[in-house]
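Tertiary structure, described
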Amino acid sequence: MRVVVLTGAGISAESGVPTFRDADGLWEGHAVEDVATPEAFDRDPDTVQRFYDARRRALASVEPNPAHRALARLEGALGDDLLLVTQNVDDLHERAGSQRLVHMHGELLRALCASCGAQPMWDADLIDAPPCPACGVTALRPDVVWFGEMPYGLDRIEQAVIGCDVFAAIGTSGAVYPAAGYSALAAAFGAHTVELNLVPTDALTPFDEVRTGPASITVPAWADELIAAASASTGRAESDGMER
Ligand code: APR
């Protein structure tokens, strides 16, 4: 059973990481165009650097929640048959143990050198314009994909979505493409699509299955069902093999 999971800010909400479009969301304090666009960075780099420096520092005070840990367990059971695609730039999936992971919107804990293209791991502030470890030029920015920029890993993601049997969207509003189009793409290629969210989103192509509630409750239950199904099918295959 090949599974693709797409996560959004909602999976990290119960860890204390603010979402973008909920009432107390991250964008509340900032207009997107003032902090999450290349134009904003050109216009006012310090404001943008301070916005991301604050979010990077905040990672030290949050922990993965049961939803992140359940997806790491699911990877343990499915191995290469699971691909975890996240729109999140936090490192909570990694800290929960997930390894087969694509950060399609980049990572707070990486910097991007606008001069040489290097993407060094980075856990310090960027406001003081430190030199790029690779080329020495003071041209480091957050390695976060801004509006209007190309997300990472699109070919790999699309191949996985087209080939999967189950596609799950967890804690995402479906407001931003291309991520918002993946459930429809999966459905068009015959996958069973599931949405796990606090409230149902009004996706253009309805999900086959919608499970509402906090991710820390719905994701472990859903993941454990898949793990049980995967082990049952492995057991059947082994017993068939023994009977031959
Ligand atoms: N459990 C499950 N879902 C939750 C929870 C929770 N505890 N709390 C919030 N949610 C859901 C909300 O109902 C909403 O559908 O998480 C979703 C959060 O939506 P957004 O704030 O829009 O975040 P996201 O979908 O990840 O945004 C996508 O937009 O701003 C850009 O690049 C940014 O990656 C981000 C992208």
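The rules behind each value
- Residues numbered from 1 in each chain as written.
- Predicted model: local features only at pLDDT ≥ 70, side-chain atom pairs only at ≥ 80, totals over all residues.
- Heavy atoms only, no water.
- Helix = DSSP H or I, 4+ residues; strand = E, 2+ residues; numbered from the N terminus.
- Rg over C-alpha atoms; globule rule 2.2 N^0.38 Å.
- Buried < 20%, exposed > 50% of the residue type's maximum accessible area, 1.4 Å probe, protein only.
- Contact = heavy atoms within 4.5 Å.
- Areas by Shrake-Rupley, 256 points an atom, 1.4 Å probe, with all protein chains shown as cover.
- Lys, Arg positive; Asp, Glu negative; His and termini not counted.
- Charge placed at Lys NZ, Arg CZ, Asp CG, Glu CD.
- Salt bridge = Lys/Arg side-chain N within 4 Å of Asp/Glu carboxyl O.
- Pairing = 2+ DSSP bridges.
- Axes fitted to C-alpha atoms, helices over the stretch in contact; angles between N-to-C directions.

1. Some words on the overall build of the protein
Regarding its fold elements, the protein presents 9 helices and 8 strands. The C-alpha radius of gyration computed for the protein amounts to 19 Å, which stays within 12% of the reference 18 Å derived for 244 residues, consistent with globular compactness. The 244 residues of the protein split such that 47% are buried. Within the protein, residue pairs in contact and separated by at least 24 positions form 62% of the contacts whose partners lie at least 6 positions apart. If you sum the accessible surface of the protein, you get close to 11,600 Å²; carbon and sulfur atoms cover 54% of it. When the 17 basic and 36 acidic side-chain charges of the protein are each reduced to a single mean position, those positions are 3 Å apart.

2. Quick word on the pattern of salt bridges
Scanning the model with the defined rule gives 12 salt bridges in all. A salt bridge links Asp-125 to Arg-57, with the shortest nitrogen-to-oxygen separation between them at 3.2 Å. In this pair, Asp-125 sits in the loop between β4 (106-113) and β5 (140-144) while Arg-57 sits in helix α4 (residues 45-58), placing the two residues 68 residues apart along the sequence. Residue class for Asp-125 comes out partly exposed when judged on its relative accessible area of 29%. You can call Arg-57 exposed: its relative accessible area is 51%. Among the ionic pairs, Glu-107 bridges to Arg-110, the shortest N-O distance being 3.0 Å. Residue classification places Glu-107 among the buried positions, given a relative accessible area of 18%.

3. Some words on the sheet that holds strand β7 (residues 192-197)
A sheet is described by the order of its strands in space; here 6 strands give the open sequence β3-β2-β1-β6-β7-β8, paired in parallel fashion. At either end of the open sheet lies a strand with only one pairing partner, and these are β3 (101-103) and β8 (209-212). Each neighbouring strand pair of the sheet contributes to a mean axis angle of 15 degrees, computed without reference to strand direction. Where strand β2 (residues 82-86) lies against β3, 3 bridges are found, and the strand directions are parallel. Bridge pairing in β3 places Val-85 opposite Val-102. Strands β1 (3-7), β2 and β6 (166-170) of the sheet are contacted by helix α5 (residues 66-78), whose axis makes an angle of about 150 degrees with β2.

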